[in-house]
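Fold and contact review
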Amino acid sequence: MKVDVLLGLQWGDEGKGKIVDVLASRYDIIARFQGGPNAGHTIEFDGLKFVLHTIPSGIFAASRLNIVGNGVVIDPYIFSKEVAQLRSKNINPHHNLLISKKAHLILPTHRLLDAVYENTMGENRIGSTLKGIGPAYTDKTARQGIRVGEIHKDDFSSQYRILKEKHHRIIDSYNAGVANIKIDGLDFDSYEKQWLDAIELLKTYHQIDSEHFINSSLRTGKRILAEGAQGTLLDIEFGAYPFVTSSNTIAAGVCSGLGIAPSKVGRVYGTFKAYCTRVGSGPFPTELHDEAGALMRDRGHEYGSTTGRPRRCGWLDLTALKYAIMLNGVTDLVMTKGDVLDAFEQIQVATHYKLNDETIDHLPFEADQVKPLYESIKGWKQSLEEITSQDEFPAAFADYISFIQTHTQTPVNIVSVGPDRRQTIVLL
Ligand code: GDP
Ligand code: IMO
Ligand code: MG
């Protein structure tokens, strides 16, 4: 067996959580491989709505296992809030959630550092979710992070104290007035207390050597889906650096984030919105600052699932999409939120860029200097929300999908027309 992958092809929030939930019934195990609680994955069914940050989106069936892999960074406090959210709806993740001992912890001081760095960058700020992601991955690569497997050890408190003191020395050097920085509305000491309580909760969860577990599950014929967070254009290597996140969001991240060999990667589902959004700073060639963008934001409820910030909106960018398909080896495209474009008479799609005086068909290093070149496509001007099969697609909507398939040379095999689990047409 191989590990299939579902990931985002744009700047995150493509609807990955919803689609993982839809596909989950085809798999025995769902595994997150990178990122942390900067992710906000929304799942809606039976009138319920959940937003998951750390826990994989396969958690809703008790029979399915969910794994938080070694490539993920975990904040026990945010994890405890997610557990509470699930338990309030009678879902008990205790039975079917496994956590890699090698996953790194996000400390309260990682969140302080994130805030201090962003505050001191002024106009150049990245627009981080301020969940401590960058500082936690920095400590991981600097070989001074703390992993989940350490929390049971006698010296955990001293490991924690030593790293916290290191962080305080850095923070002091910025003269940043840390006493005024709140974390989730709490002062540092109150937050730290809750974080330490959450470590006790985390201890009660099953911790494993996930690379062994995953490889032996494959050997015994288990079907595994890896769930990506963020999106390809936020990848630390290939996004428009420095306006990126701190992990490999691309398919290659599955190998390091779960401990599987490249030859063990199967299908790669690449999820994209029928238009584009971005939250945070950085280049966005097709961004709209007019009422078309405002209409997308309004109809698509484009406000961050993690931070509530308004998302920047713009037309679909096929040049960037082709880049993402190339980097990930996408086998199946998943298009979400086509219904948001129901209101548009004409829809623009960027097919090329102008860079200086040259027309190019790829996303270059100079991502901040390209100007999109558009083709105009007729809108369908009718509601897609009730559609349940491909035969019901309005002709103009089917043409929109064909246009994308022709340009990307990749089939669109799943189409989502609303936030609910039922509003999904799976063509394979
Ligand atoms: P993720 O981070 O990729 O899982 O995506 P988010 O959950 O952050 O953002 C996607 C948002 O769009 C959520 O509010 C979903 O409920 C919603 N959504 C997902 N698919 C669709 C769709 O096809 N149509 C509409 N209108 N909303 C959708
Ligand atoms: P999901 O999994 C959208 C963005 C932030 C910021 C940049 C760096 O829900 O798609 P970080 O907190 O990692 O230091 O932020 O990346 N970002 C996301 N944008 N969806 C996400 O996750 C994101 N995770 C991070 O807004 O621009
Ligand atoms: Mg999201």
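So, a few notes on the structure that sits alongside this text. (Residues numbered from 1 in each chain as written. Chains lettered and ligands numbered in written order. Predicted model: local features only at pLDDT ≥ 70, side-chain atom pairs only at ≥ 80, totals over all residues. Heavy atoms only, no water.)

Details of the site of ligand 1
Where we set the bar: By convention in these notes, a residue is near a molecule or strand provided one of its non-hydrogen atoms lies within 4 Å of it. We define a polar contact as two N or O atoms separated by no more than 3.5 Å, with the added condition that, inside protein, one atom must be a possible hydrogen donor and the other a possible acceptor, whereas residues neighbouring each other in sequence contribute only through side-chain atom pairs. Using a 1.4 Å probe, accessible areas were evaluated by the Shrake-Rupley method; residue-level cover was limited to the displayed protein chains. Under the DSSP-based scheme used, a helix requires at least four consecutive residues in state H or I and a strand at least two consecutive residues in state E, with every element numbered from the N terminus. Under this grouping Gly is polar, as are all residues other than the nonpolar Ala, Val, Leu, Ile, Met, Phe, Trp, Tyr, Cys and Pro and the charged Asp, Glu, Lys and Arg.
In the vicinity of ligand 1 lie 20 residues, with K16, T42, S305, D339 and S416 positioned nearest. Separating an oxygen atom of ligand 1 from a side-chain N or O atom of R311 is a distance of 3.4 Å. Taking K337, its main chain carries an N or O atom lying 2.9 Å from an oxygen atom of ligand 1. Expressed as a share of its isolated accessible area of 580 Å², the protein-covered part of ligand 1 is 94%. Of all the secondary structure elements, the ones that give two or more residues to the shell around ligand 1 are helix 1 (16-23) and strand 3 (41-45). Considered class by class, the residues forming the shell around ligand 1 number three nonpolar, nine polar and eight charged.

Some thoughts on the nonpolar core
How we decide: The set of buried Ala, Val, Leu, Ile, Met, Phe, Trp, Tyr and Cys residues whose side-chain atoms join them within 4.5 Å is what this entry labels a nonpolar core. For every residue, the accessible area obtained with a 1.4 Å probe (protein chains only) is divided by the maximum for its type, and the residue is called buried under 20%, exposed over 50%, and partly exposed between those limits.
Ranked by internal contacts, the top residues of the largest apolar core, which has 57 residues, are L9, M335, L341, Y400 and I404. Among the elements that make up this core, the one with the highest residue count is helix 11 (residues 395-408) (six residues). Counting residues in hydrophobic clusters, the runner-up holds 41 residues, among them I59, F60, F79 and I146.

Re the packing of helix 3 (residues 108-121) against helix 6 (residues 188-203)
Inclusion rule: Axes, fitted as lines to C-alpha atoms, cover a helix only where it is in contact. Angles between the N-to-C directions of the axes lie from 0 to 180 degrees. In what follows, roughly perpendicular refers to angles from 65 to 115 degrees, roughly parallel to angles under 35, roughly antiparallel to angles over 145, and oblique to any angle outside these ranges. Contact definition: two residues touch when any of their heavy atoms are within 4.5 Å.
The N-to-C vectors of helix 3 and helix 6 enclose an angle of 140°; their axes lie 10 Å apart at closest approach. By the criterion of interaxial angle, the relationship of helix 3 to helix 6 is oblique. Contacts from P108, T109, R111 and L112 in helix 3 reach F188, Y191, E192 and W195 in helix 6. In terms of residue class, the contact of helix 3 with helix 6 is built from five nonpolar, one polar and two charged.

Description of the coordination of the magnesium ion (ligand 3)
Between any two of four tetrahedral donors, the ideal angle at the metal is 109.5 degrees; between two of six octahedral donors, it is 90 or 180 degrees. To keep things clear, this is the line we draw: Coordination shells were defined by N, O and S atoms within 2.8 Å of each metal, extended to 3.2 Å for Na, K and Ca; water is absent from the atom set, which can make sites look incomplete.
Taken together, D13 (OD) and G40 (O) make up the protein donors of the magnesium ion (ligand 3), found 2.0 to 2.2 Å from the metal. With D13 in the loop between strand 1 (3-8) and helix 1 and G40 in the loop between strand 2 (29-32) and strand 3, the pair connects residues that are 27 residues apart, well separated along the chain. The buried category is assigned to G40, whose relative accessible area is 9%.

Points about the site of ligand 2
In the region of ligand 2, 20 residues are neighbours, and D13, K16, H41, T129 and T245 sit closest. Within the side chain of T129, one N or O atom sits 2.5 Å away from an oxygen atom of ligand 2. The contact in question runs from an oxygen atom of ligand 2 to an N or O atom on the backbone of V279, over 2.9 Å. Residue composition of the shell around ligand 2, grouped by class: seven nonpolar, ten polar and three charged.

Some details on unusual backbone geometry
Residues Y241 and P242 are joined by a peptide bond in cis, for which omega reads 5°. Mapped onto the secondary structure, P242 falls in the loop between strand 10 (224-227) and helix 8 (252-258). Positive phi, close to 45°, is recorded for H301, a residue that is not glycine. Positionally, H301 belongs in the loop between helix 9 (291-299) and strand 13 (312-314). The class for H301 is exposed, based on a relative accessible area of 62%. Look at K337: it is not a glycine, yet its phi comes out positive at around 65°.

Comments concerning helix 4 (residues 133-141)
The complete set of buried residues in helix 4 reads I133, G134, P135, A136, Y137 and D139. Where helix 4 is buried, its residues contact strand 6 (73-74), strand 8 (104-105), helix 3 and helix 5 (156-173). Following helix 4 by one or two positions, R143 has its phi on the positive side, about 60°.

Comments concerning the pattern of salt bridges
Pairing of side chains with opposite charge becomes possible as their charged atoms draw close. Stated precisely, the cut-off is as follows: By salt bridge we mean one thing: a side-chain nitrogen of Lys or Arg within 4 Å of a carboxyl oxygen of Asp or Glu.
Applying the stated criterion to the full structure yields 20 salt bridges. Close ionic contact of R421 with D21 constitutes a salt bridge, the shortest N to O distance being 2.7 Å. Here R421, found in the loop between strand 19 (412-416) and strand 20 (424-426), pairs with D21, found in helix 1; they are 400 residues apart in sequence, far enough to count as distant. What emerges from the salt-bridge pattern is a single network uniting D13, K273, E302, R311 and K337.

Comments concerning the side chain of N70
The topology assignment puts N70 in the loop between strand 5 (65-68) and strand 6. Judged by its relative accessible area of 12%, N70 falls in the buried class. Here the side chain of N70 touches S256 through a polar contact of 2.8 Å, landing on its backbone oxygen. N70 has contacts with S100, K102, A103, K140, S210, S256, G257, L258 and G259, leaving out every residue within four places of it along the chain.

A closer look at the pairing of strand 4 (residues 48-52)
The cut-off we apply is this: DSSP-based pairing: two strands are paired if at least 2 bridges between them are found.
As judged from the five bridges shared by strand 3 and strand 4, these two strands associate in the antiparallel manner. Residue E44 lies in a different strand from strand 4, and its bridge partner there is K49. The turn joining strand 3 and strand 4, which pair antiparallel and follow one another in sequence, is formed by two residues; a positive phi near 50° is taken by D46.

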